[in-house]
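Commentary on secondary and tertiary structure
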Amino acid sequence: MLESPLDRVITTLYHEEPTIVPCLWAFASKVIEDLFREKRINLPPSDIIVISDVVKFKVLEKRHNSYILKSSFGSIHLYDYYSGYYGCRKLLKPAVINKDDIKHISKPTLRDNLIDLVEKYVRKYGEEYFLMVSHRGAFDSPWYYLRGFTRWLIDLARNPDWANELIKASIEPQMKIAKELIKLGVHGVWIIGDLGSGKRLFISPQTYLKVIYPWHCKLVREYHKLGAFVFLHSHGNLNPIFDYIVKAGFDAINPLDTNEGIDLKYIKEKYGEEITLIPQPSTTLLEKLKLDEIYNYVKEQFDLCAPGGGFIYYAVIVYMGLSEALRYIKCVMKFRKYPLKYYI
């Protein structure tokens, strides 16, 4: 019997080796995505389908390459998909400027079109693929929707109780929606939100432990009760808090960027039996690699993470030449087979 994408994802989440390494495929750059479309080249299919974020955005204004959007919380955002090579997302107006504003913010609710979308995916793909929904996490939601980044950091430093109130106001509506979508048949929830950038954290380990960690535990606990897996996406050097991320109970973590101080060998050896690793290529590194260097780069990631399962590979196509992108895809497709084989 052939192993389905769903089977191989669940197998690796239980730290066993499937027949091939589960993969997600995505474009990091709209420019390279357009090039693939122009050349009529498709990415390989992903084993995991992230259906939707739980928060709805309304288009207020459409420009040539960008959109002005309003979130269900009332915050205003700019999405520009062609700014630089990777686009940008910018908060234009947070929902909470003064403390009293928190009493009057709108909150996202479970909408009929999201129910219909999830039910459609569950009917069509639920027995074959690993289905997920996503939402922003305890650190990310308050600044992304309610306060803006600088105000949020000041809130965390000066008034942890107020910070906790902001987390509650932004996280609980998303949790409520995600729980209902789990009941419809999705297999997991992906918590999105960077705790750092480059080789640093945005907050101290002490602040993480006091303010963010209890909410991470709650998210995982509540979703696990319903039988869902929980993934965490966070950039930054997570080493000072990695023990607590694992202790919170997350089933998988991404992107584990080696250019941000993450040692994949160390992480696999210390935590590989407790949490599934979902590394993706370092954008600034992969985009500079030559054809003959891509082989060894991908090989090293698979060498370090694939043995014993507990490994999903996030194959991201960065801003790179078409020949390099195709070489990268070919390497991943060859290396993902168990037992591991290295030839092209």
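Presented here is a report on the structure given in the accompanying data block. (Residues numbered from 1 in each chain as written. Predicted model: local features only at pLDDT ≥ 70, side-chain atom pairs only at ≥ 80, totals over all residues. Heavy atoms only, no water.)

**Brief notes about the sheet that holds strand β5 (residues 76-80)**
- Strand order in this open sheet of 4 strands is β3-β4-β5-β6, and the pairing throughout is antiparallel. Two strands lie at the open edges of the sheet, namely β3 (57-62) and β6 (88-93), each paired on one side alone. Direction aside, the axes of adjacent strands within the sheet are offset by 30° on average.
- Bridge count between β3 and strand β4 (residues 66-71): 5 bridges; the pairing is antiparallel. Each bridged residue has a counterpart across the sheet, and for Val59 the counterpart in β4 is Leu69. (Pairing = 2+ DSSP bridges. Helix = DSSP H or I, 4+ residues; strand = E, 2+ residues; numbered from the N terminus. Axes fitted to C-alpha atoms, helices over the stretch in contact; angles between N-to-C directions.)

**Quick word on the nonpolar core**
- In terms of nonpolar packing, the biggest core is built from 111 residues, with Tyr223, Phe231 and Tyr328 touching the most fellow members.
- Per-element tally for this core: the top contributor is helix α6 (residues 160-184), with 11 residues.
- With residues up to four places along the chain from it excluded, the contact list for Tyr328 reads Pro281, Leu286, Ile294, Val298, Tyr313, Tyr314, Ala315, Val316, Ile317 and Met320. (Core = buried A, V, L, I, M, F, W, Y, C linked by side-chain atoms within 4.5 Å. Buried < 20%, exposed > 50% of the residue type's maximum accessible area, 1.4 Å probe, protein only. Contact = heavy atoms within 4.5 Å.)

**Here's the deal with the packing of helix α11 (residues 291-305) against helix α12 (residues 322-335)**
- Interhelical geometry of α11 versus α12 gives an angle of 35° and a closest axis separation of 9 Å. Crossing geometry of α11 relative to α12 is assigned as right-handed. Contacts from Leu291, Ile294, Tyr295, Val298, Lys299 and Phe302 in α11 reach Ser323, Glu324, Arg327, Tyr328, Cys331, Val332 and Phe335 in α12.
- Across the contact of α11 with α12, the residue classes tally to 9 nonpolar, 1 polar and 3 charged. (Left-handed = near helix turned anticlockwise from the far one by under 90°. Nonpolar A, V, L, I, M, F, W, Y, C, P; charged D, E, K, R; others polar.)

**Focus on empty space enclosed by the protein**
- One pass over the structure, following the stated rule, counts 2 cavities of 30 Å³ or more.
- In this structure, the largest cavity occupies an estimated 50 Å³ of space.
- Forming the boundary of the largest cavity are Gly137, Ala138, Phe139, Asp140, Ile191, Ile192, Gly193, Leu195, His216 and Leu232.
- In terms of residue class, the lining of the largest cavity is built from 6 nonpolar, 3 polar and 1 charged.
- Considered as a void within the structure, the second largest cavity measures approximately 40 Å³ in volume.
- What lines the second largest cavity is simply Ser234, Gly236, Leu238, Phe242, Ile253, Asn254, Pro255, Leu256, Asp257, Glu260 and Ile262. (1 Å grid on protein atoms, 1.4 Å probe; cavity = no way out; pocket = protein on both sides within 12 Å on 5 of 7 lines; lining within 4 Å. Points joined across faces, edges and corners; volume = space filled by probe spheres on them.)

**Looking at unusual backbone geometry**
- Residue Pro255 follows Asn254 across a cis peptide bond; omega there is 10°.
- For Pro255, the location among the structural elements is in the loop between β12 (252-254) and α9 (264-271).

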